[in-house]
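# Structural description and commentary
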Amino acid sequence: MPTMIQAGLYSATMHYLKAIEAIGTDGSAEGDGADAGDPDHDFFARNGKIRIDGRMVHECTCSR
């Protein structure tokens, strides 16, 4: 079972790789803000979004 840190890193890496695939490059100038606002849905980040300042926010997936 992965830890919360491992799950978060996996989620971030997959989001990054999907963005590279979508724009066709990993160059920062071409990809700057390319996926900003596109929701990210996976096991870790439900309705995750990249804010304009580069931070990622998402709904809490923890059970309360």
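See above for the structure.
All of these numbers come straight from a predicted model, not from anything done at the bench. (Residues numbered from 1 in each chain as written. Predicted model: local features only at pLDDT ≥ 70, side-chain atom pairs only at ≥ 80, totals over all residues. Heavy atoms only, no water.)

Turning our eyes to something else, we now look at the overall build of the protein chain. Counting its secondary structure elements, the protein chain contains 2 helices and 2 strands. By residue count, 14% of the 64 residues in the protein chain fall in the buried class. A sequence separation of at least 24 residues applies to 22% of the contacts in the protein chain between residues at least 6 apart. Of the roughly 5,100 Å² of accessible surface on the protein chain, 57% is carried by carbon and sulfur atoms. (Helix = DSSP H or I, 4+ residues; strand = E, 2+ residues; numbered from the N terminus. Buried < 20%, exposed > 50% of the residue type's maximum accessible area, 1.4 Å probe, protein only. Contact = heavy atoms within 4.5 Å. Areas by Shrake-Rupley, 256 points an atom, 1.4 Å probe, with all protein chains shown as cover.)

Here we come to helix H1 (residues 4-23). Between the first and last C-alpha of H1 there are 29 Å, a value that for 20 residues agrees with the 28 Å anticipated at 1.5 Å per step. Buried within H1 we find Ala7, Gly8, Ser11 and His15. Buried positions in H1, seen along its axis, are confined to an arc of 100° and lie on one side of it. When the buried face of H1 is taken as reference, the exposed residues oriented beyond 90 degrees from it are Ile5, Leu9 and Glu21. As for H1, its buried residues are in contact with strand E1 (46-50). Immediately beyond the C-terminal end of H1, within one or two residues, lies glycine 24, with a positive phi of roughly 80°. (Expected span 1.5 Å × (residues − 1). Arc of directions from axis to C-beta.)

Before going further, it helps to examine the pairing of strand E2 (residues 56-59). Here E1 runs beside E2; their pairing, made up of 3 bridges, is antiparallel. Paired with lysine 49 across the two strands is valine 57, which belongs to E2. (Pairing = 2+ DSSP bridges.)

What follows is about the environment of histidine 58. Relative to the assigned elements, histidine 58 resides in strand E2. Classification of histidine 58 as partly exposed rests on a relative accessible area of 35%. Residues histidine 58 and phenylalanine 44 lie 14 residues apart in sequence; the distance between their C-alpha atoms is 8.9 Å. Other than its neighbours up to four places away in sequence, histidine 58 contacts Phe44, Ala45, Arg46, Asn47 and Gly48.

The quantities given are spatial measurements derived from coordinates; they are silent on function.
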